[in-house]
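Geometric and topological summary
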Amino acid sequence: MPINELPYTVKIYINNQVLIPANLIKALGLSKAKYADIVIEYNGQRIKLKDIKLLRTRHTDSRQFTIPREIRETYGIRSLDEVIIHEIIPKTR
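About the thresholds
Residues numbered from 1 in each chain as written. Predicted model: local features only at pLDDT ≥ 70, side-chain atom pairs only at ≥ 80, totals over all residues. Heavy atoms only, no water. Pairing = 2+ DSSP bridges. Helix = DSSP H or I, 4+ residues; strand = E, 2+ residues; numbered from the N terminus. Polar contact = N/O pair within 3.5 Å; in protein donor to acceptor, adjacent residues only side chain to side chain. Contact = heavy atoms within 4.5 Å. Core = buried A, V, L, I, M, F, W, Y, C linked by side-chain atoms within 4.5 Å. Buried < 20%, exposed > 50% of the residue type's maximum accessible area, 1.4 Å probe, protein only.

It is worth spelling out the sheet that holds strand β6 (residues 63-66) at this point. Across the sheet, which stays open at both edges, the 3 strands sit in the order β2-β6-β5 with antiparallel pairing between neighbours. The open sheet has two edge strands, β2 (17-20) and β5 (55-56), and neither has a second partner. Examined bridge by bridge, β5 and β6 share 2 bridges and lie antiparallel to one another. Counterpart to Arg56 in the pairing with β6 is Arg63.

Structure (structure tokens):
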């Protein structure tokens, strides 16, 4: 099922990364973005992640980002938990 709008619910990988699928990246016009501010929700709490690097795969437009350790420890976020991505705001550098 194509995902092309936010909010988007996703499971956190074992390496604490979150995948943003290519369909969503294209729909939001984020193909050229390298950094972004991202608003996620975990257990009913909205969390703003600032200056997050969007990691690019070699052959697709999908992106991944790592949830910073201090955020994971503060909110108790663990691998295989689900988060909801509410906003992705590209940064210019």
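What follows is about the side chain of His86. Among the structural elements, His86 can be located in strand β7 (residues 82-91). Within polar-contact distance, the side chain of His86 engages the side chain of Arg46 at 3.3 Å. Residues in contact with His86, not counting those within four places in the same chain, are Leu6, Pro7, Val39, Ile40, Glu41 and Arg46.

In this structure, Ile20, Ile38, Ile40, Leu49, Phe65, Ile67 and Ile85 are the most contacted members of the largest nonpolar core, which totals 24 residues. No other element matches strand β3 (residues 35-42), which puts 4 residues into this core. For Ile85, the residues in contact, after removing those within four places along its chain, are Leu6, Pro7, Tyr8, Val10, Val18, Ile20, Ile38, Val39, Ile40 and Phe65.

Before going further, it helps to spend a moment on the pairing of strand β4 (residues 45-53). Sheet topology note: the β3/β4 ladder contains 7 bridges and is antiparallel. By the bridge assignment, Ile38 is partnered in β4 with Leu49. What sits between the antiparallel neighbours β3 and β4 is a turn of 2 residues, in which Asn43 has the positive phi angle 50 degrees.

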